[in-house]
Amino acid sequence: MPSSGPSIQQKPQLSSLQILWKGIVISGFVLFLFYNVLYHHPDNDNDLFVPFIAQKLPASSPNNVTSSPTNLSHIMFVLVGCIRTWKYRRPYIEAWWRENKSRGNIWLDVAPTQELLPWPSSSPPFRVNEDIKKLKIYPKLVNPVEVRIYRSVLETFRLEDNKDVRWFVMADDDSLFFLDNLVEVLGKYDHTKYYYIGTNSECIKSNYDFSFDMGYGGAGYALSYALVEALASTIDECIERYPHLYVSDYLSSSCSADLGVDLIIEKGIHQIDLRGDISGLLSSHPKSPLITLHHFDAIAPIFPSMNRTEAVNHLMKPAKLDQSRLLQQTICYLRRSNWTFSISWGYSAHIYESIFPRSILRRPLETFRPWKEDRPPLFMFNTRRPSNDPCKAPHVFSLEGVLDRDEGSSSHEHIITTYSRSLQRNLPACSSNGNHSADPIVKIQVVSPSTGRKEAGRIECCDVDYVAGKDIANVKLRACMKSEVLA
């Protein structure tokens, strides 16, 4: 049987080859496990048992929210007021609250009196806070009213009306919201993670007195559902840790911090810890979408010749058409006259008889005073001091009206806002720039597109159309050209 020899000799060779390959596979698997133990992210304790392909999927982040887009129905408002101030502040809430669309309640200290009933459907439904005297810590509380305010978050959560809720938004009864912008900004973040989003005060002293890490409740702050769910079981315990805290905002910040959550600042949220005329601030708003304003009873009406309620309702007219551009600053030039136009869409327009770069005009004119008088520096941002120099002082125009179509046309492709001169400047022309006075202009018309929202965080540019000596100047907003310089 001559053929049997060679076949007997091949069997050991195949077996050795199989052993070699098995050794390679086993060694590779051991190295893979070793790599995971040493180098995989420490926050994922069970990653060794997750399939390799699943580990390669991108992690969730504020800009990578995997669920459906956030909308208004996902937001639960926790608004806090009291009977004493409600009838004066009700118009502020009704200016922005959307009946049958907005969700939430206005929490009151006691039940409404007969003069406030029947409760209007144009206001948020009211709830009366629990009696906090039942808390063991009550005798030691420095300011029980503020504890009532903060516990409104817990009481809202316990109503069990939380279906599809992603965010709890806390605010006062004199906070003004711009809901489309609020929805867009919260949509950047993953509500299934812990988030605490708000802003601090405009004044250094206020932040020093309380905290630089605190979201001010009047400005409004947002807590993700995941965070509120965690807070719900710990709030009363946290209150017992901090009976000495004087304001609800600081208490909220402290309780969130003890869960490892710090404040994320959004620049479109405004506490308005200011006094007097805030037109300088509103005319140089940051690029961030406008989300809230506050403290209307402590400032002058934001439009001339109007009371506070009228002024708030006037601002809401352009807000109903395009919140993405509201208060967004757009700068352009009429170079033959050495003029600069600065438009705060839906609010004001300024003409300067000089060419100013955006780096200067983005600083607010200091038309306002701090919440509390103190030594400089006063504010958390840079300002420009008002001047009587005709080359630096602006001609000021305020919003007169808004149309969502071209005059005489059925087209809805444009929005036209008109700004009329607020006061005469009573200064001569800027002689160093050619004596080109802007005094003849009494109105400025601004044309903006009505199709789609302006992209958040990006500025727009504009062109000026003006015939010397005429009383109306026309400005058209447009996308900035590549490498266009505003100077």
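Residues numbered from 1 in each chain as written. Predicted model: local features only at pLDDT ≥ 70, side-chain atom pairs only at ≥ 80, totals over all residues. Heavy atoms only, no water.

It is worth spelling out the side chain of Thr85 at this point. Considering the arrangement of structural elements, one finds Thr85 in helix α3 (residues 83–96). A polar contact of 3.2 Å, which involves the side chain of Thr85, links it to the side chain of Asp173. (Helix = DSSP H or I, 4+ residues; strand = E, 2+ residues; numbered from the N terminus. Polar contact = N/O pair within 3.5 Å; in protein donor to acceptor, adjacent residues only side chain to side chain.)

If you walk through the whole model with that rule in mind, you get four disulfides. Note that Cys391 is cross-linked by a disulfide to Cys430, the S-S spacing being 1.9 Å. Linking Cys391 and Cys430, the disulfide has an S-S dihedral of approximately 90 degrees and is accordingly described as right-handed. Residue Cys391 is found in the loop between β14 (368–370) and β15 (395–403), and its partner Cys430 is found in the loop between β16 (414–421) and β17 (443–449); the two are separated by 39 residues along the sequence. Paired through a disulfide, Cys461 and Cys480 show a sulfur-sulfur distance of 2.0 Å. The sign of the 100 degrees torsion about the S-S bond sets the Cys461-Cys480 disulfide as right-handed. Placement of Cys461 in strand β18 (residues 461–465) and of Cys480 in the segment after β19 (472–478) is noted, with a sequence separation of 19 residues between them. Residue class for Cys461 comes out buried when judged on its relative accessible area of 1%. You can call Cys480 partly exposed: its relative accessible area is 30%. (Disulfide = S-S within 2.5 Å. Buried < 20%, exposed > 50% of the residue type's maximum accessible area, 1.4 Å probe, protein only.)

Next up on the list: unusual backbone geometry. Of note, the bond from Leu117 into Pro118 is cis; its omega dihedral lies within 30 degrees of zero at 0 degrees. By the secondary structure assignment, Pro118 is in the loop between β2 (103–108) and β3 (126–128). A cis geometry characterises the amide bond from Pro376 onward to Pro377, with omega recorded as 0 degrees. As for its placement among the helices and strands, Pro377 is situated in the loop between β14 and β15. Phi at Ile272 is positive, roughly 55 degrees, even though this residue is not glycine. Residue position: Ile272 is located in the loop between β8 (264–265) and β9 (274–276). With relative accessibility at 1%, the residue Ile272 sits in the buried group.

Attention now moves to the packing of aromatic side chains. Per the counting criterion, the structure on display carries 20 aromatic pairs. In this structure, Arg275 is placed above the aromatic ring of Trp371, and the distance from its NZ or CZ to the ring centre is 3.8 Å. Its guanidinium or amino end placed over the ring of Tyr333, Arg335 lies 4.6 Å from that ring's centre, counting from NZ or CZ. (Phe/Tyr/Trp six-rings, centres within 6.5 Å; stacked < 30°, edge-to-face > 60°. Lys NZ or Arg CZ within 6 Å of the ring centre and 35° of its normal.)

Let us look at empty space enclosed by the protein. Counted by the stated rule, this structure contains two cavities of 30 Å³ or more. For the largest cavity, the lining is made up of 14 residues, of which Leu182, Leu186, Ala222, Ile269 and Ile291 are closest to its centre. Every element with two or more residues in the lining of the largest cavity is listed here: α5 (179–186) and β7 (221–224). Of the residues forming the lining of the largest cavity, the biggest block, three residues, is contributed by α5. Tallied by class, residues from the lining of the largest cavity come to 11 nonpolar, two polar and one charged. Taken together, Phe296, Ile299, Ala300, Pro301, Ile302, Arg308, Ala311 and Val312 form the lining of the second largest cavity. Looking at the lining of the second largest cavity, its residues break down into seven nonpolar, no polar and one charged. (1 Å grid on protein atoms, 1.4 Å probe; cavity = no way out; pocket = protein on both sides within 12 Å on 5 of 7 lines; lining within 4 Å. Points joined across faces, edges and corners; volume = space filled by probe spheres on them. Nonpolar A, V, L, I, M, F, W, Y, C, P; charged D, E, K, R; others polar.)

As enumerated under the stated definition, the model contains 25 salt bridges in all. Here Arg103 and Asp161 are joined by a salt bridge, their closest N and O atoms 3.6 Å apart. Separated by 58 residues along the polypeptide, Arg103 in strand β2 and Asp161 in the loop between α4 (144–157) and β4 (167–172) bring together distant segments of the chain. A relative accessible area of 17% means that Arg103 is categorised as buried. Taken together, the shared-partner salt bridges connect Glu130, Lys134, Arg151, Glu155 and Asp236 into one network. (Salt bridge = Lys/Arg side-chain N within 4 Å of Asp/Glu carboxyl O.)

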